[in-house]
Amino acid sequence: MTEPMKIRVTLQGDVADVRVLMAHPMETGQRKDAAGKIVPLHFIQTISAQLNGKTVFNADVSQAVSRNPVFAFKVKGAKTGDKVVITWTDNKGEKRTDETVVRAAGS
Amino acid sequence: MHDTRRTVLKAIWAIGVLASAAGAGLLSPVRAFAAWNKGAFEAKSTIDAMKALGVANAEDSKAIEIRAPEIAENGAVVPIDITSNVPGTTAIAVFIEKNPFPYAGSFDVSQGAVPYVHLRVKIGESSPVRVVVTAGGKHYMSAKEVKVTIGGCGG
């Protein structure tokens, strides 16, 4: 099964600075394993983020994203204690959702 | 007689399949983006990918900031920070021109996100990183060259 995402959200004024680390091999379909066989394509395709249940950020990505992807984005109108939920889906239909809360800057 | 009955049964079955397909569509999350754009992601050149996304008419803009290393010693993990200062930016698309499939992804910032994104990408060989932003139905682009050194010795 997939590992949980590491999500960190800090507040700068009313802007939530969201950083997320996802555990995923992001195979390009071009790499060969030790036995010389091509490792099939396996990569995250879509990412979406919700703030208190409302979708605020979407991404569609390719296998060009590095292994164990890191993304950062910023969302307006957030406050301490708001819930942030992030979901990814990959090309094999695997899916993972994790959540955290917005922390005050410096805490 | 039998033939007619079979045709009717087939028709009823087909309607059922269509109905369940429509149901599945309704259940999927609402997305501002169209579905994952296979045509763009499988395009082998930036221009073909841009055409598939409908952004091929992008004009050059200095209002897009691309922060990426000039020389990346490890092409497997190249950090890129993009900030769009184009007013009303709704989407940011990234292309790595010399990669086998240049289109790396799009980021929808139309629903409350700031027009900024940080991502880390694989760059196979030295290549321009091209960014296209969408604002008010128009498209703007900028590019930054990233050199990738294979030996990892900074040379």
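Every value quoted in this text rests on a predicted model; they were computed, and no experiment measured them.

Observations regarding the overall build of chain B
Here's step 1: Scanning chain B for helices and strands turns up three helices and nine strands.
Here's step 2: Along the chain direction, N to C, the helices and strands of chain B fall in the order α-α-α-β-β-β-β-β-β-β-β-β.
Here's step 3: A burial count over chain B gives 41% of its 155 residues as buried.
Here's step 4: As presented, chain B carries roughly 8,600 Å² of accessible surface, and 60% of it is formed by carbon and sulfur atoms.

Brief notes about helix α3 (residues 46–53) of chain B
Residues and elements named next belong to chain B.
Here's step 1: Taken as a whole, α3 has its buried residues at Thr46, Ala49 and Met50. Down the axis of α3, the buried set is contained in an arc of 100 degrees. They therefore lie on one face.
Here's step 2: In this structure, the buried residues of α3 make contact with α2 (38–41), β5 (89–96), β6 (103–108), β8 (127–135) and β9 (138–148).
Here's step 3: Looking one or two residues beyond α3, the residue adopting positive phi is Gly54, at roughly 75 degrees.

Regarding the nonpolar core
Here's step 1: Phe57 and Ile86 of chain A together with Phe107 of chain B are the most contacted members of the largest nonpolar core, which has 67 residues in total.
Here's step 2: Ignoring sequence-local partners within four residues, the contact set of Ile86 of chain A consists of Met5, Ile7, Val18, Val20, Met22, Ile47, Ser48, Ala49, Phe73, Arg96, Thr97 and Asp98 of chain A.

Cut-offs used in this document
- Note that residues are indexed from 1 along each chain, following the sequence as it is written.
- The lettering of chains begins at A and the numbering of ligands begins at 1, in the order of writing.
- Local features are withheld for residues below a pLDDT of 70 in this predicted model, meaning they are given only at 70 or higher, and side-chain atom pairs are given and counted only at 80 or more; totals for whole chains, interfaces and linings count all residues.
- Calculation of side-chain values draws on the structure's entire complement of heavy atoms; hydrogens and water are dropped beforehand.
- Under the scheme used here, helices are H or I runs from DSSP no shorter than 4 residues and strands are E runs no shorter than 2 residues, and both carry numbers assigned from the N terminus.
- Only protein chains enter the calculation, and the probe is 1.4 Å; a residue is then buried if its accessible area is under 20% of its type maximum, exposed if over 50%, and partly exposed in between.
- Only the protein chains shown count as cover for residues, and the accessible areas themselves come from Shrake-Rupley with a 1.4 Å probe.
- Arc, as used here, means the arc of the directions from the helix axis to the C-beta atoms.
- Two residues qualify as a contact provided that any one of their heavy atoms is within 4.5 Å of a heavy atom in the partner residue.
- Only buried Ala, Val, Leu, Ile, Met, Phe, Trp, Tyr and Cys residues count toward a nonpolar core, and they belong to the same one when joined by side-chain atoms within 4.5 Å.

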